Amino acid sequence: QSALTQPPSVSGSPGQSVTISCTGTSSDVGSYNRVSWYQQPPGTAPKLMIYEVSNRPSGVPDRFSGSKSGNTASLTISGLQAEDEADYYCSSYTSSSTYWVFGGGTKLTVL
Amino acid sequence: EVQLVQSGAEVKKPGESLRISCKGSGYRFTSYWISWVRQMPGKDLEWMGRIDPSDSYTNYSPSFQGHVTMSADKSISTAYLQWSSLKASDTAMYYCARQGSSSSFDYWGQGTLVTVSS
C-alpha cells in the first residue's frame, strides 16, 4: 500500500478538465510544500510536471496546475489532449525515515 | 542539456551480485543528490534512497536499507546501485533521478530493467 493515496483512474474527453487528488497525512503533504507530480507514459521514464505544490518546470504547458489543501494535493489538467494520456504520480517529502514517498499512481484516459 | 544515462538491462540468477550505473552530464554532478527509484512490474514508484555525489553521503529508505548499496565516483560523474545477493523479488525497473534544489526529482534516467530468475 502506497503512502500517498491517489484514485486508480480518471478519464475525460479532449478539451475537458480533470483533477487528480493525492491524499497524505500531517507527516508529509500536510506539513511540507515539497509536493511534486510526475507524468509517465507507457514504457517511458517519469517526467516532472509540477514541483513545490504548484510550480511548473520550463517546458511544461500551463494546462497543468497544482494546488494543496490540508493533507491533500491536487493536479489539474485543463484542455485535455490525447498526448496527456499517461500514469500520473504524486510525491512528497515526509518527516518519517522514508524521506520521500510516492502515490500509487493514477491512470489518465483521454476518451 | 542535463542527461542521466543508465546502464543496460540485466538478467541474473538468484544469489548473484550486480551493479548498475547512472552517468550524469550537462550539469555539475557534485551539486545535486542522485536518488534511486524502483518500479516493480505494473506497480508504482518506490523511493529507495539517495546519495550526495560530492561526499558519497547516503540516506536509505528503511525498506531497502541493508539490501542495496549506493555509491558514486565523482571523477566520472557516475552513481551506482548494487546488490550483493539478488532475489527474484528484485525484478524491477530501476531509475536514477536528479534531486533539484526544490527536492523534486527533476531529471530521470531512462531506467535499467533488472530481471532475476533461475
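Residues numbered from 1 in each chain as written. Chains lettered and ligands numbered in written order. Predicted model: local features only at pLDDT ≥ 70, side-chain atom pairs only at ≥ 80, totals over all residues. Heavy atoms only, no water.

Participant: Can you help me understand the packing of aromatic side chains in this one?
Facilitator: In this description, an aromatic ring pair is defined by two values, namely the gap between the centres and the angle between the planes. This model, assessed by the stated rule, comprises 17 aromatic pairs over all chains. With 4.9 Å between their ring centres and 70° between their planes, Trp83(B) and Tyr94(B) make a pair best called edge-to-face. You can see Trp83(B) sitting in strand β8 (residues 78-83) and its partner Tyr94(B) sitting in strand β9 (residues 92-99), a full 11 residues away along the chain. Like Trp83(B), the residue Tyr94(B) is buried in the burial classification. Directly above the aromatic system of Tyr93(A) lies the positively charged group of Arg34(A), at a separation of 5.0 Å from the ring centroid. (Phe/Tyr/Trp six-rings, centres within 6.5 Å; stacked < 30°, edge-to-face > 60°. Helix = DSSP H or I, 4+ residues; strand = E, 2+ residues; numbered from the N terminus. Buried < 20%, exposed > 50% of the residue type's maximum accessible area, 1.4 Å probe, protein only. Lys NZ or Arg CZ within 6 Å of the ring centre and 35° of its normal.)

Participant: For this particular structure, what's the right way to read the pairing of strand β6 (residues 72-77) of chain A?
Facilitator: Remark: a regular strand shows side chains that alternate across the two faces of the sheet. Residues and elements named next belong to chain A. Note that strand β2 (residues 18-23) and β6 share six bridges and pair antiparallel. Looking at β6, one finds that Ser21 is bridged to Ser74. Two elements, strand β5 (residues 64-69) and β6, share six bridges in a ladder whose sense is antiparallel. When the sheet's bridge partners are listed, Ser67 is paired in β6 with Ser74. Between β5 and β6, which pair antiparallel one after the other, the connecting turn spans two residues, and Gly70 there sits at a positive phi close to 60°. (Pairing = 2+ DSSP bridges.)

Participant: Please clarify how the sheet that holds β2(A) should be interpreted in this entry.
Facilitator: Where strands meet in a sheet, backbone hydrogen bonds hold them as pairs that are either parallel or antiparallel. Residues and elements named next belong to chain A. Across the sheet, which stays open at both edges, the three strands sit in the order β2-β6-β5 with antiparallel pairing between neighbours. The outermost strands of the open sheet, each flanked by one partner alone, are β2 and β5. The mean inter-strand angle of the sheet, taken between neighbouring strand axes irrespective of direction, is 20°. (Axes fitted to C-alpha atoms, helices over the stretch in contact; angles between N-to-C directions.)

Participant: Quick question: what am I supposed to make of the pattern of salt bridges here?
Facilitator: Any two side chains of opposite charge can pair, given that their charged atoms come close. Residues and elements named next belong to chain B. Within this structure, the stated rule accounts for three salt bridges over all chains. Here Arg38 ties to Glu46 by a salt bridge, and the two come within 2.9 Å at their closest N and O atoms. Look at Arg38 and you get buried, because its relative accessible area is 12%. Given the relative accessible area of 25%, Glu46 is considered partly exposed. Notably, a salt bridge pairs Asp106 with Arg98, separated by 2.7 Å at the nearest N-O pair. For Arg98, a relative accessible area of 6% gives the class buried. (Salt bridge = Lys/Arg side-chain N within 4 Å of Asp/Glu carboxyl O.)

Participant: Explanation requested: the interface of chain B and chain A in the structure shown.
Facilitator: Where the parts come together, the accessible area they lose is often given as the size of the interface. The interface of chain B with chain A comprises 22 residues on the first partner and 20 residues on the second. Summing the contributions of chain B and of chain A, the shared interface buries around 1700 Å²; its carbon and sulfur component is 62%. Across the contact surface, chain B and chain A share zero salt bridges. Linking chain B with chain A are eight residue pairs in polar contact (both at pLDDT 80 or more), by the criterion used here. (Contact = heavy atoms within 4.5 Å. Buried area = accessible area lost by both parts, 1.4 Å probe. Polar contact = N/O pair within 3.5 Å; in protein donor to acceptor, adjacent residues only side chain to side chain.)

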